[in-house]
Amino acid sequence: MKKVMFKMALGLVLGCVLFVGFLYARDDIGVTSTNLESDVRGSQKIPDDWIITGSVSDTMAAYLSYPQDMSDHTFSVYVHRPGRSFGYFFRGGGSLSGVERGIAEFTVEGYEERAFLSMNQQQVVRLEIDDGNSIQAIDLDRSKPFAVVLPVNAGIVTFYDENGKTVEYWNHPL
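Residues numbered from 1 in each chain as written. Predicted model: local features only at pLDDT ≥ 70, side-chain atom pairs only at ≥ 80, totals over all residues. Heavy atoms only, no water.

Colleague: Can you walk me through the sheet that holds strand S2 (residues 60-66) in this structure?
Modeller: With antiparallel pairing, the four strands of this open sheet are ordered in space as S1-S2-S3-S4. On the outer flanks of this sheet lie strand S1 (51-56) and strand S4 (89-94), each paired with one strand and no other. For this sheet, the mean angle separating the axes of adjacent strands, direction not counted, is 15°. Inspection of the sheet shows S1 paired to S2 by six bridges, in the antiparallel sense. Residue pairing for S2: Gly54 is matched across the bridge by Tyr63. (Pairing = 2+ DSSP bridges. Helix = DSSP H or I, 4+ residues; strand = E, 2+ residues; numbered from the N terminus. Axes fitted to C-alpha atoms, helices over the stretch in contact; angles between N-to-C directions.)

Colleague: What exactly am I supposed to notice about the packing of aromatic side chains here?
Modeller: The description of an aromatic ring pair uses the distance of the two centres, along with the angle that the planes make with each other. Inspection of the entire model under this criterion finds six aromatic pairs. Residues Phe75 and Phe106 carry aromatic rings whose centres are separated by 4.6 Å and whose planes lie at 25° to one another, so their mutual orientation is stacked. Linking Phe75 in strand S3 (residues 74-79) with Phe106 in strand S5 (residues 104-107), this pair joins segments that are 31 residues apart in sequence. Members of the aromatic cluster, each reached through a chain of ring pairs, are Phe116, Phe146, Phe159 and Tyr169. One cation-aromatic arrangement involves Arg126 over Tyr160; the distance from NZ or CZ to the ring centre is 4.5 Å. (Phe/Tyr/Trp six-rings, centres within 6.5 Å; stacked < 30°, edge-to-face > 60°. Lys NZ or Arg CZ within 6 Å of the ring centre and 35° of its normal.)

Colleague: Before we go on, may I ask you to explain unusual backbone geometry in this structure?
Modeller: Positive phi is not limited to glycine here, since Lys45 has a value of about 55°. Relative to the helices and strands, Lys45 is located in the loop between helix H2 (36-43) and S1. According to the relative accessible area criterion, Lys45 is exposed, its value standing at 69%. Even without a glycine there, the phi angle at Asn120 is positive, about 65°. When you line up the elements, Asn120 lands in the loop between strand S6 (113-118) and strand S7 (124-130). Relative accessible area serves as the criterion here: at 4%, Asn120 is assigned to the buried category. (Buried < 20%, exposed > 50% of the residue type's maximum accessible area, 1.4 Å probe, protein only.)

Colleague: Is there a simple way to explain the sheet that holds strand S12 (residues 170-173) in this structure?
Modeller: Strand-to-strand pairing in sheets goes through backbone hydrogen bonds, with the strands running parallel or antiparallel. If you trace the four strands from one edge of the open sheet to the other, you get S9-S6-S5-S12, paired in mixed fashion. Two strands close off the open sheet at either side, each with one partner strand: strand S9 (146-151) and S12. Adjacent strand axes in the sheet meet at a mean angle of 25° when their direction is disregarded. Here S5 pairs with S12 via four bridges, running parallel. Of the residues in S12, the one forming a bridge with Thr107 is Pro173.

Colleague: For this particular structure, what's the right way to read the pattern of salt bridges?
Modeller: Opposite charge on two side chains makes pairing possible when the charged atoms of those side chains draw close. Per the stated rule, a full pass over the model turns up three salt bridges. A salt bridge links Glu105 to Arg114; the shortest N-O distance between them is 3.0 Å. Here Glu105 and Arg114 have matching classes, each one buried. (Salt bridge = Lys/Arg side-chain N within 4 Å of Asp/Glu carboxyl O.)

Colleague: I'm lost on the pairing of strand S10 (residues 156-161) in this one. Help?
Modeller: If a strand is regular, its side chains alternate between the two faces of the sheet. Here S7 runs beside S10; their pairing, made up of six bridges, is antiparallel. Counterpart to Glu128 in the pairing with S10 is Thr158. Joining the antiparallel neighbours S10 and strand S11 (residues 166-167) is a turn of four residues, in which Gly164 adopts a positive phi near 85°.

Colleague: Help me understand the environment of Gln122, please; the structure alone is not making it clear to me.
Modeller: With respect to the helices and strands, Gln122 occurs in the loop between S6 and S7. For Gln122, the residues in contact, after removing those within four places along its chain, are Arg101, Gly102, Ile103, Asp161 and Val167. (Contact = heavy atoms within 4.5 Å.)

Colleague: Even after reading the chapter, I still don't get the environment of Val167, so can you show me in this structure?
Modeller: Mapping Val167 onto the fold places it in strand S11. Along the chain, Val167 and Leu127 lie 40 residues apart, while their C-alpha atoms are 9.8 Å from each other. Excluding its chain neighbours within four sequence positions, the residues that come into contact with Val167 are Ile103, Gln122, Val124, Phe159, Tyr160 and Asp161.

Shown next as structure tokens:
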């Protein structure tokens, strides 16, 4: 009886391992939201002394990594695939002048969210979202880079610098 139970348990464990291997081979296993920052550091080869700032929603995550002196940067955008997938999957990243000198909006076809990333050289202090009925304001630190994920249909997004002037952003589809 013990041999039969052992064989059944071994078969069950082997079946689970094969199932997880199948999911992994199909690229259905991603990174959990709690492990995103460590994945950014590992996959993008971010030094330990760099700062990472980010924003995570149910379907998208965006991170901006940079050294203390803000002389360089690396951005990372992840998506959470619909269906049987588990976790977030890297969609795009690197270094762009649009992120360094301006505000870059990243969209991914088929996803209802967008990410705004900037090293904040324009010293943006406020982000406003106008949905047609009300305006929601989000304060930003003018001296720090930012990464913000918002729904595509949230409304009209406007960024303002410390003098109240609007700051433009550019879309970069991934």
